[in-house]
Amino acid sequence: MTMENTIRATAAVAERRLAVLLPLPLSGAYDYAIPEGIEPAPGDFLRVPLGSREVIGVAWGAATGEVGRHRLKPILGRLDVPLMPEVMRKFIDWVAQYTLTPPGAVLRMAMSVSAALEPPKPQLAYRRTSAEAETLGVCLTPARQRVLEVLADGPPRNPLELAREAGVTPAVVKGLAQSGAIEQIELPARPPFGVPEISRAGVTHSPDQRIAVEALRAQAEKGGFNVSLLDGVTGSGKTEVYFEAIAATLAAGRQALVLVPEIALTSQWLARFRNRFSVEPAQWHSDLSASQRRIAWRAVAEGRVHVLVGARSALFLPFPKLGLIVVDEEHDHSFKQEDGVIYHARDMAVVRARLGDHPVVLASATPSLETTENVRQGRYAVANLPDRHGGAVLPEIKLIDMRLDPPPRQSWLSPTLRAALAETLLAKEQAMLFLNRRGYAPLTLCRSCGHRLQCPQCTAWLVEHRLTGRLQCHHCGFSTTLPAACPACHASANFAACGPGVERLAEELAGLHPEARVAIVASDTLGGPEAIAELVRQVAEHEIDVLIGTQIVAKGHHFPMLTLVGVVDADLGLDGGELRAAE
């Protein structure tokens, strides 16, 4: 090779560069040099240097060429993990542009589980060797003998399981392995999630449900981008209808994603899914452990998750063959993320479906104004379920004018509602009181000077939580105890609690019906999915007579014995700075 050709070849190697997007709020992708022995493809997860540290980014495409080759740092290596699908990379770019957010900040949501990028640890187990312990010269104590007996009667077991079944310490198992009487092997990884039985028969559909099922199933089988509103009154069987669209998607070899606004919805939903498909779907929400999130993220990326149900962040999981998105309770404001990358998961689900060229179903009994307008203009298809399933009728709704039917002083339940509560409890049925105010009282003021206790950080009123003995700010999280004297006039022990919260309703109800079993349900009284599932069980088995709660109780639960709902201070939601208050 001539000197000129050598120089050209060297220059060509030096020009091997690639744009890598990092999960950091940076202006865009950075160029890196591609060293010999590494042939990255767009979507590959790569280890790259950034200053004095090492980070993991994603191969994003052609280099910008803005940096001279002498300043480029080389890619350090490629991770053994499925590449990020092209549609996901397009989705990240679209969300970043639409929300005016650095693309790296959006990528960080799609790479939220860094442990999932590392290869899973092998599952190790012990089994007996073919050689007898006596021939190996192993001293068989009673503990060691029990270990060998356990392995003789069953499959290989992991160290902790083996020690537990044999009733020995892990040191005994380790000693047997060192002697050669048992050997360590690597077990194949167990499938983390079951395969849904799509041929399993579902419920018997009503005529309206059959029409909706046929429409959604046709869209799922045909594929292609389409938005359908499943508009059905409460109890009309919307879930069973879109289950059939999920079944058609799975039959076509694609994955399905179901977005729910609150994890509180999933307890009964999971039971219905299990009845229909014989297995539970994968889950994705903030209450999962780090290990559960790692397993779910990796299984999604490898295409081993068939159906996943999750909160809004599940939209940024790297599905390689997503074929359907269902947005349940599409009107719910919980789908909007208010911090970090600000986005609305319902709208982004429609974008994700358009980029992936597959259908999306929006289900609601009270569709949002945007969705209603899109239906009116013909952008979205609609399937209506005007009647409740099984011939059930909608409840009678009574409006009580508190000016004509006022409650006693320092009480909040009108005489009409009190009478209905007494009648319901006498009939051994259940009731629910809905008030979207946590705590005991939304305002505490000084009787002497009228000073209102407010948050020192954001000036919002402090809400009294009498059960915990604290004053809390529901905006910034500030918390303190009730002061001994008024900060303004220094009068002592002269505070008045103004207005009702759920704790105050429980206090009033205890005075009216001390025998009633009451549960207060709010976001600060439930500690996650397990607590919610336990509450649902208690209500279903009639261990609770009256539920008193905030909006978390108004989330599509099915309680057959609950025959009375009282909405306290019903016009509360019409007042305030919320843009959609009147809606």
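Report on the accompanying structure. (Residues numbered from 1 in each chain as written. Predicted model: local features only at pLDDT ≥ 70, side-chain atom pairs only at ≥ 80, totals over all residues. Heavy atoms only, no water.)

Notes on the sheet that holds strand E17 (residues 430–434)
Two strands in a sheet stick together by hydrogen bonds in their backbones, pointing the same way (parallel) or opposite ways (antiparallel). Condition: Criterion used throughout: strands pair if DSSP finds at least two bridges between them. The helix and strand labels rest on DSSP assignments: H or I over at least four residues marks a helix, E over at least two residues marks a strand, and numbering proceeds from the N terminus. What counts as an axis is a line fitted to C-alpha atoms, over the stretch in contact for a helix, and the angles between N-to-C directions run from 0 to 180 degrees. Residue contacts follow a heavy-atom distance rule, with two residues in contact if any of their heavy atoms lie within 4.5 Å.
In spatial order, the strands read E23-E24-E17-E25; together these 4 strands make up an open sheet with parallel pairing. Of all strands in the sheet, those with a lone pairing partner are strand E23 (518–521) and strand E25 (562–567), marking the two edges. Taken over all neighbouring pairs, the strand axes of this sheet differ in orientation by 20° on average, direction set aside. With 4 bridges connecting them, E17 and strand E24 (residues 546–549) associate as parallel partners. Within the sheet, the bridge partner assigned to Met432 lies in E24 and is Leu547. Here helix H14 (residues 502–512) sits on the sheet and contacts E23 and E24; the angle it forms with E24, its principal contact strand, is near 150°.

Some points on the sheet that holds strand E12 (residues 322–328)
Read from one edge of the open sheet, 7 strands run E10-E11-E9-E12-E15-E8-E16, paired in parallel fashion. Lying at the two open borders of the sheet, with one neighbouring strand each, are strand E10 (282–284) and strand E16 (381–385). Averaged over all adjacent pairs, the angle separating strand axes in this sheet is 20°, with direction ignored. Here 4 bridges tie E12 to strand E15 (residues 359–364), and the two strands are oriented parallel to one another. In the sheet register, Val326 faces E15, and the bridge partner there is Val361. Along the sheet, helix H9 (residues 266–277) contacts strand E9 (255–259), E10, strand E11 (307–310) and E12; its crossing angle with E11, the most-contacted strand, is approximately 165°. Lying over the sheet, helix H10 (residues 290–301) contacts E9, E10 and E11, oriented at roughly 115° with respect to E10.

Examining the packing of helix H2 (residues 86–99) against helix H11 (residues 345–356)
Our working rule: Each angle receives one of four descriptions, namely roughly parallel if under 35 degrees, roughly antiparallel if over 145, roughly perpendicular if within 65 to 115, and oblique otherwise. Take the far helix as your reference; a near helix turned counterclockwise from it by less than a right angle gives a left-handed crossing, and one turned clockwise gives a right-handed crossing. Residue polarity follows a fixed list, in which Ala, Val, Leu, Ile, Met, Phe, Trp, Tyr, Cys and Pro are nonpolar, Asp, Glu, Lys and Arg are charged, and the others, Gly among them, are polar.
Packing of H2 against H11 brings their axes to within 10 Å, and their N-to-C directions diverge by 140°. Between H2 and H11, the interaxial angle falls into the category oblique. Taken as a pair, H2 and H11 cross one another with a handedness that is right-handed. From H2, Val87, Met88, Lys90, Phe91, Trp94, Val95 and Tyr98 reach across to H11, where they touch Met348, Val351, Arg352, Arg354, Leu355 and Gly356. Residues of the contact of H2 with H11, tallied by class, amount to 9 nonpolar, 1 polar and 3 charged.

Things to note about the side chain of His513
Inclusion rule: For the exposure calls, accessible area comes from a 1.4 Å probe over protein chains only, and a residue counts as buried if that area is under 20% of its type's maximum, exposed if over 50%, partly exposed in between.
Residue position: His513 is located in the loop between H14 and E23. Taking the relative accessible area as the measure of exposure, His513 reaches 14% and is therefore buried. For His513, the residues in contact, after removing those within four places along its chain, are Ala422 and Leu425.

Let's talk about the environment of Ala181
Turning to its location among the elements, Ala181 is positioned in the loop between helix H6 (170–179) and strand E7 (182–187). Take Ala181: its relative accessible area is 3%, and that puts it in the buried class. For Ala181 and Leu148, which are 33 residues apart along the polypeptide, the C-alpha to C-alpha distance reads 8.4 Å.

Points about the pattern of salt bridges
Rule in force here: In the sections that follow, a salt bridge refers to a side-chain nitrogen of Lys or Arg positioned within 4 Å of a carboxyl oxygen of Asp or Glu.
All chains considered together, the criterion is met by 23 salt bridges. Residues Arg272 and Glu240 are paired through a salt bridge, measuring 3.6 Å at the closest nitrogen-oxygen approach. Residue Arg272 is located in helix H9, and its partner Glu240 is located in helix H8 (residues 238–251); the two are separated by 32 residues in the primary sequence. On the accessibility criterion, Arg272 (35% relative accessible area) is partly exposed. Given a relative accessible area of 12%, Glu240 falls into the buried group. The structure contains a network of salt bridges with shared partners spanning Glu330, Arg346, Asp347 and Glu370.

Re the environment of Ala125
For Ala125, the location among the structural elements is in strand E6 (residues 123–128). Judged by relative accessible area, which is 0%, Ala125 ranks as buried. Taking the C-alpha atoms as reference points, Ala125 and His474, 349 residues apart in sequence, are found 50 Å from one another. Excluding anything up to four places from it in sequence, Ala125 contacts Pro156, Arg157, Asn158, Glu183, Gln184, Ile185 and Leu187.

Quick word on H2
So the rule is basically this: For a helix, the expected span equals 1.5 Å multiplied by the number of residues minus one.
With 14 residues, H2 extends 20 Å from end C-alpha to end C-alpha; this agrees with the ideal 20 Å at 1.5 Å per step. Looking only at H2, the buried set comprises Val87, Met88, Arg89, Phe91, Ile92, Val95, Ala96 and Thr99. Those residues of H2 hidden inside the fold are in contact with strand E4 (53–61), helix H3 (103–110), strand E14 (343–344) and H11.

What to know about the packing of helix H7 (residues 207–222) against H8
Between two packed helices, the angle of one axis relative to the other and the distance separating the axes together describe the packing. For the pair H7 and H8, interaxial distance at closest approach is 8 Å and the crossing angle is 25°. In terms of orientation, H7 and H8 fall into the roughly parallel class. Along this stretch, H7 crosses H8, giving a crossing that reads as right-handed. The residues of H8 that touch H7, namely those facing Gln209, Ala212, Val213, Leu216, Arg217, Ala220 and Glu221, are Val241, Tyr242, Glu244, Ala245, Ala248 and Thr249. When grouped by side-chain class, the residues that make up the contact of H7 with H8 number 8 nonpolar, 2 polar and 3 charged.

Let's talk about unusual backbone geometry
With phi around 60°, Gln410 is a residue other than glycine that occupies positive phi space. Among the residues examined, Gln410 registers a relative accessible area of 52% and is labelled exposed. Phi is positive for His490, which is not a glycine, with a value near 65°. In this structure, His490 sits in the loop between strand E21 (479–480) and strand E22 (495–498).

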